[in-house]
Amino acid sequence: MTGFNILIAAGGTGGHIFPSLAIVEELRELNPGGKVFFVGSTRRLEKELFASQKLPFFAIKARGWNRTLDIDLLKALVTNLVGIWQAFYVILKTRPNALLCMGSYPSLLTAFWAKILGIPIFVHEQNALPGMANRIVGRWAKQIFVSVPESKSHFPQEKVIVTGNPLRKDLLCWKNRKTEAREKLALKPDNPTILVMGGSLGAEIINTTLWKILDELIHESFQILHITGDRDFATACKITSSERYRPIPFSNSPGVLYAASDLVICRSGASTIFELLWFGIPSILVPLKEAAENHQYYNALWLQKKQKVEIIQEEELTPNSLKEAIKKLHQSSKENTKQCWKDQDATTINPSLEKAARIIAEIIVEDLKGGKSFE
Ligand SMILES: CC(=O)N[C@H]1[C@@H](OP(=O)(O)OP(=O)(O)OC[C@H]2O[C@@H](n3ccc(=O)[nH]c3=O)[C@H](O)[C@@H]2O)O[C@H](CO)[C@@H](O)[C@@H]1O
């Protein structure tokens, strides 16, 4: 038995890629001798991420389209025509026994060939409101894994399994380790600590609003860990000389940053939401308004039902509204428990988070053992 070739289509943003990396960690154990390949978009994030993990990666062209007859539709058509042949090349080159689609347009183009060639397709959807690519691919899929039950109704029900959202081991292992995390980061052990981040690409609007209240926060003894994204990092380094402010361009291991923090200010992409749930950290969420069909807002509402969340819509994000939200969460934490800012450890709200990657990998491998392969 030499193992199976599995092709994972995950592109565009970290939100599709990071859960797939968690699944790969499990596939390595369950599918020894097998190979995992990735196909995604031509963005820099993917190339760098997969190269750093030494994972074989193919970049193909793909993009979404408007449903109106205009020049944009023509451009999309040309791009996707090129992409679809690139996807065919990837399939020929990797000869996969199965395709796992994590969402995004490259996965749609790759799934098109898998469907024609009879390669079993699996889908994982991270968001409460599924994206268009996954909604289409879901019709061709053998099994659909979803992070939350709320997205079930958008897919053929009989194929759906609610698995939770796969999180990387390197992140899972930092739960309930605040003291150690602060030591590792050389932070003060008792000062309230805020982690500020955008999605996988950073968020300019969050960065600039934070900078306007930074002096006040520092003065009130907050320590701030700020993932700025590459673009704003140089500016962030010049904002203050206070050692209570730590700008970071991007972190390959955000687990330690979450673990050290009492409050997170961020976007509400799916992976971020589940990471907040895992750590049980109160958060201020600023949903990305231009995200398809406003799905980040629905992600934020979903988390709000489970734990302390203040939602600030982009048009309402001002230095004042941000300050008020921080004050509110800080205050309520202090009232709830005297220890709160020190040891606000998560209760395990969703135990499947720990197992999501394993469950998905197991189902795919077991299915392949019983099924026929593409040779
Ligand atoms: C613009 C857009 O359409 N964004 C979508 C994209 O989000 P996007 O990739 O921005 O956001 P997610 O919250 O899903 O994922 C971000 C991931 O990046 C990681 N991270 C971030 C910063 C850092 O320095 N290091 C690091 O590892 C986070 O830990 C997290 O795992 O995919 C998500 C999942 O389909 C969607 O919900 C988002 O709406």
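This text follows the structure it describes.
Definitions and limits used
- Residues numbered from 1 in each chain as written.
- Predicted model: local features only at pLDDT ≥ 70, side-chain atom pairs only at ≥ 80, totals over all residues.
- Heavy atoms only, no water.
- 1 Å grid on protein atoms, 1.4 Å probe; cavity = no way out; pocket = protein on both sides within 12 Å on 5 of 7 lines; lining within 4 Å.
- Points joined across faces, edges and corners; volume = space filled by probe spheres on them.
- Helix = DSSP H or I, 4+ residues; strand = E, 2+ residues; numbered from the N terminus.
- Nonpolar A, V, L, I, M, F, W, Y, C, P; charged D, E, K, R; others polar.
- Phe/Tyr/Trp six-rings, centres within 6.5 Å; stacked < 30°, edge-to-face > 60°.
- Buried < 20%, exposed > 50% of the residue type's maximum accessible area, 1.4 Å probe, protein only.
- Lys NZ or Arg CZ within 6 Å of the ring centre and 35° of its normal.
- Near = heavy atom within 4 Å.
- Polar contact = N/O pair within 3.5 Å; in protein donor to acceptor, adjacent residues only side chain to side chain.
- Areas by Shrake-Rupley, 256 points an atom, 1.4 Å probe, with all protein chains shown as cover.
- Salt bridge = Lys/Arg side-chain N within 4 Å of Asp/Glu carboxyl O.

**Q** Which parts of the structure should I look at to understand the layout of surface pockets?
**A** Over the atoms rolls a probe the size of a water molecule, and its path tells where empty space is left. If you add up the space inside the second largest pocket, you get close to 230 Å³. In terms of lining residues, the second largest pocket is bounded by Trp65, Leu73, Ala76, Leu77, Asn80, Leu81, Ile84, Leu108, Leu109, Phe112 and Trp140. Elements with a minimum of two residues in the lining of the second largest pocket: helix H3 (71–94) and helix H4 (105–117). A total of 6 residues in the lining of the second largest pocket trace back to one element, the largest contributor, which is H3. Of the residues that constitute the lining of the second largest pocket, the class distribution is 10 nonpolar, 1 polar and no charged.

**Q** How should I be thinking about the packing of aromatic side chains in this particular structure?
**A** Two descriptors summarise a pair of aromatic rings, namely the distance from one centre to the other and the angle between the planes of the rings. Under the criterion given, the structure shown has 10 aromatic pairs. On the basis of an interplanar angle of 20° and a centroid distance of 4.8 Å, the ring pair of Phe50 and Phe57 is categorised as stacked. Accessibility assignment for this pair places Phe50 and Phe57 in one class, buried. Between Phe122 and Phe145 the ring centres are 6.2 Å apart and the planes differ by 5°, which places this aromatic pair in the stacked class. Linking Phe122 in strand E5 (residues 121–125) with Phe145 in strand E6 (residues 143–146), this pair joins segments that are 23 residues apart in sequence. For the pair Phe122 and Phe145, one class covers both residues: buried. Over the face of the ring belonging to Phe18 we find Arg168, whose NZ or CZ atom lies 3.8 Å from the ring centre. The ring centre of Trp174 lies 4.0 Å from the NZ or CZ of Arg177, which sits over that ring.

**Q** Got a minute to help me understand the site of the ligand in this structure?
**A** Inspection of the region around the ligand gives 24 residues, with Gly15, Asn127, Thr272, Glu275 and His295 positioned closest. Arg168 is positioned with one of its side-chain polar atoms (N or O) 3.1 Å from an oxygen atom of the ligand. When the ligand sits alone it has 760 Å² of accessible area, and the protein chains cover 91% of it. Elements with a contribution of two residues or more to the shell around the ligand: helix H1 (14–30), helix H11 (270–279) and helix H12 (295–304).

**Q** I tried to follow the pattern of salt bridges on my own but got confused; where do I start?
**A** Opposite charge on two side chains makes pairing possible when the charged atoms of those side chains draw close. Under the defined criterion, the tally for this structure stands at 19 salt bridges. Ionic pairing is found between Arg63 and Asp72, a salt bridge with its closest N-O pair at 2.6 Å. Salt bridges sharing partners connect three or more residues here, namely Glu26, Glu29, Lys169, Arg358 and Glu362.

These values are about where atoms sit, not about what they do.
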